[in-house]
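Structural characterization, general
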Amino acid sequence: MSGCEGCRKLGAPFDLAMAFQPIVDVERGRAWAYEALVRGPNGESAGQVLGAVTPENRYAFDQQCRVTAITQAVAAGIVATGARLSINFLPNAVYSPVACIQLTLKTAAAVGFPTERLIFEFTENEEVADPAHLANIIETYRRMGFATALDDFGAGHAGLSLLARLQTDIIKLDMELVRNIDASLPRRMIVEGLIRMLRRMNITVVAEGVETVAEYDVLRDLGVRYMQGYLIARPGFRHLPAHVLPGAQSERRFG
């Protein structure tokens, strides 16, 4: 497949690296997935990197993020862990879901990463120009065997109205809903209601931004199985970091 016009004009390359943060299955005590977080080549922040992205080069950026995430995750040893790889993508940079995925598939094949372990994650904080186009991307990815995730749920442009129009396989609850949930009855009630609703929709719930044992304990009480945050593990620059669960006797290291 030759791809669309955007695929043939990648533009000047970005100099990128990735940090990897585990999403942990707290029931099994192991990394369920690693999210690839964009960094500069020397560990520069995501903000510095994203500051250079424009409407003219965002397609090139999106494509290179995918390639870098897969190649560096494999180099870090993700294949042997059995964990998934979650890659952030820009819906407004996808011209054609089938055409624009070809470089991703080629890269995964070249380095031996199973494509059925890919998750494509987009953030609710990015305003989607065409919700119908986004729904088509999600459905196309699902048909191709990929999982999709909606990040920062509860903090962005559309919230429940976006969820009513499209359903991803995974919803990541925004850290503002998680923060101090142990001391906030409204937060707890909101998260409890969201979890109940998402379970009925067969959507996997991930709590992100977990930073305290008290937050962790409340989320466990509410039945959250998958968690991500500094309490468990900070991102590892170009490597898969060990993670620690509250009360665990030892670290569980992958890679």
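About the cut-offs
- Residues numbered from 1 in each chain as written.
- Predicted model: local features only at pLDDT ≥ 70, side-chain atom pairs only at ≥ 80, totals over all residues.
- Heavy atoms only, no water.
- Phe/Tyr/Trp six-rings, centres within 6.5 Å; stacked < 30°, edge-to-face > 60°.
- Helix = DSSP H or I, 4+ residues; strand = E, 2+ residues; numbered from the N terminus.
- Buried < 20%, exposed > 50% of the residue type's maximum accessible area, 1.4 Å probe, protein only.
- Expected span 1.5 Å × (residues − 1).
- Arc of directions from axis to C-beta.
- Contact = heavy atoms within 4.5 Å.
- Core = buried A, V, L, I, M, F, W, Y, C linked by side-chain atoms within 4.5 Å.

The next subject is the packing of aromatic side chains. Overall, the coordinates contain 8 aromatic pairs when judged by the stated rule. Seen from their ring centres, phenylalanine 14 and phenylalanine 61 are 5.2 Å apart, and the 70° between their planes marks the pair as edge-to-face. Of the two residues, phenylalanine 14 is situated in the loop between α1 (5-8) and β1 (17-25) and phenylalanine 61 in helix α3 (residues 58-76); the sequence distance between them amounts to 47 residues. A relative accessible area of 19% means that phenylalanine 14 is categorised as buried. Here phenylalanine 61 falls in the buried class, since its relative accessible area comes to 4%. Here phenylalanine 120 and tyrosine 141 contribute two aromatic rings whose centre-to-centre distance is 4.8 Å and whose plane-to-plane angle is 45°, an arrangement assigned as tilted. You can see phenylalanine 120 sitting in strand β4 (residues 118-123) and its partner tyrosine 141 sitting in helix α7 (residues 131-143), a full 21 residues away along the chain.

Attention now moves to α7. Taking 1.5 Å as the rise per residue, α7 with 13 residues should run 18 Å; its terminal C-alpha atoms sit 18 Å apart, in good agreement. Taken together, the buried positions of α7 are Leu134, Ile137, Ile138, Thr140 and Tyr141. The buried residues of α7 occupy an angular sector of 165° when the element is viewed end-on, so they sit on one face. Where the residues of α7 are buried, they touch α3, α5 (97-100), β4 and β5 (147-153). Just downstream of α7, glycine 145 is the residue with a positive phi angle, here 95°.

Turning our eyes to something else, we now look at the nonpolar core. Within the largest apolar cluster, 65 residues are counted, with the highest numbers of intra-cluster contacts made by Leu85, Leu219 and Met227. With 9 residues, α3 is the single largest residue contributor to this core. Dropping the residues within four chain positions of it, leucine 85 is found in contact with Phe20, Tyr34, Ala36, Ala69, Ile70, Ala73, Ile78, Phe113, Arg117, Leu118 and Ile119. In terms of nonpolar packing, the next biggest core, distinct from the first, is built from 9 residues, Trp32, Ala33, Ala149 and Ile170 among them.

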